[in-house]
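A structural walkthrough
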Amino acid sequence: NVYLGYGAGRQVLDGTIERGAGNAMTAVVWFSDMRNFTALSETLQPSSVNLLLNGFLDQLVSAVNAHGGAVLKFMGDGIIAVFPFDDETGAGVAANAAMSAADDALNNLERFNKSPPPEVAAIANRTPLRCGIAMHQGEVFFGNVGGQDRLDFTVIGRSVNEAARLEQLTKRLMRPILISEDVARHLTCQVDDCGEQELKGFAQPVRVFAPKHWKSSAIVL
């Protein structure tokens, strides 16, 4: 459960370990990524990078868990999480839960930057931890993939790819949180329309939105 997450861990313990086995779900997909991770890796000792990475992930994972989401995958400094739902009412609940988790994640990072633990504060030349978060809605498949002798749980689907591409726009658009139209229409908070944006690998541009209450934040830089 610690390594795979509770849902995947339960499936392994129940014997669901065949390649291709898994579950399709409809969810709000969260994709987040640390800013300047490559630069940190080039300038700091690996042990220091590990401390910063774990501190960063702690702030985001705790926020996702606190609002009923499930972290499905770590991809280096990136996180894929989902907030599943079954119907239109559930879609609204999931979207607002994901938004609340994003708010908490950014606030957690700000507190961590201001008052880091001693071992992090002692790292010379460290910079404040920043991130971008993107959310999209759709169907994903979470299950076993790999070779005959080595399997892994992963999450795949167009919605995952689109959320990842949305997150790449956060720095260019200078917004720490970006959301697709499918998610934005369910939110109770006010959003800014960032217009249609082209996503790498997708033929058609998509309309992108951002929460107004993070408009003036420099946390994405």
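Because the structure is predicted, anything quoted here is derived from the model rather than measured. (Residues numbered from 1 in each chain as written. Predicted model: local features only at pLDDT ≥ 70, side-chain atom pairs only at ≥ 80, totals over all residues. Heavy atoms only, no water.)

What follows concerns the pairing of strand 1 (residues 22–34). Within a regular strand, the side chains alternate between the two sheet faces. Note that strand 1 and strand 4 (residues 131–147) share 13 bridges and pair antiparallel. If you follow Met 34 over to strand 4, its bridge partner there is Cys 131. Alignment of strand 1 against strand 3 (residues 78–84), held across 6 bridges, turns out to be antiparallel. Directly across from Trp 30, in strand 3, lies its bridge partner Ala 81. (Pairing = 2+ DSSP bridges. Helix = DSSP H or I, 4+ residues; strand = E, 2+ residues; numbered from the N terminus.)

A word on the packing of helix 3 (residues 46–66) against helix 4 (residues 88–114). Relative to each other, helix 3 and helix 4 sit at 150 degrees, their axes nearing to 8 Å. Classified by the angle their axes make, helix 3 and helix 4 are roughly antiparallel. Here helix 3 and helix 4 pass one another in a crossing that is right-handed. Of the residues in helix 4, those in contact with Gly 55, Phe 56, Gln 59, Leu 60, Ser 62, Ala 63 and Val 64 of helix 3 are Ala 101, Asp 104, Ala 105, Asn 108, Leu 109 and Phe 112. For the contact of helix 3 with helix 4, a count of residues per class yields 8 nonpolar, 4 polar and 1 charged. (Axes fitted to C-alpha atoms, helices over the stretch in contact; angles between N-to-C directions. Parallel < 35°, antiparallel > 145°, perpendicular 65-115°, else oblique. Left-handed = near helix turned anticlockwise from the far one by under 90°. Contact = heavy atoms within 4.5 Å. Nonpolar A, V, L, I, M, F, W, Y, C, P; charged D, E, K, R; others polar.)

We now examine the nonpolar core. Counting 44 residues, the largest nonpolar core has Val 28, Trp 30, Phe 83, Met 135 and Ile 177 as the members making the most contacts within it. Looking at this core, the elements with two or more residues in it are strand 1, helix 3, strand 3, helix 4, strand 4, strand 6 (177–180) and helix 7 (181–184). The element that contributes the greatest number of residues to this core is helix 4, accounting for 12 residues. If near-sequence neighbours (up to four positions away) are discounted, Met 135 is found in contact with Val 28, Val 29, Trp 30, Ala 98, Met 99, Ala 102, Leu 166, Ile 177, Leu 178, Ile 179, Ser 180 and Val 183. Core analysis: the second largest hydrophobic core is formed by 14 residues, Val 140, Val 160, Ala 163 and Ala 164 among them. (Core = buried A, V, L, I, M, F, W, Y, C linked by side-chain atoms within 4.5 Å. Buried < 20%, exposed > 50% of the residue type's maximum accessible area, 1.4 Å probe, protein only.)

A few words now on the side chain of Lys 73. Assignment of secondary structure puts Lys 73 in strand 2 (residues 70–75). Residue Lys 73 is classed as buried on the basis of its relative accessible area, which comes to 17%. Here the side chain of Lys 73 touches Asp 152 through a polar contact of 2.4 Å, side chain to side chain. (Polar contact = N/O pair within 3.5 Å; in protein donor to acceptor, adjacent residues only side chain to side chain.)

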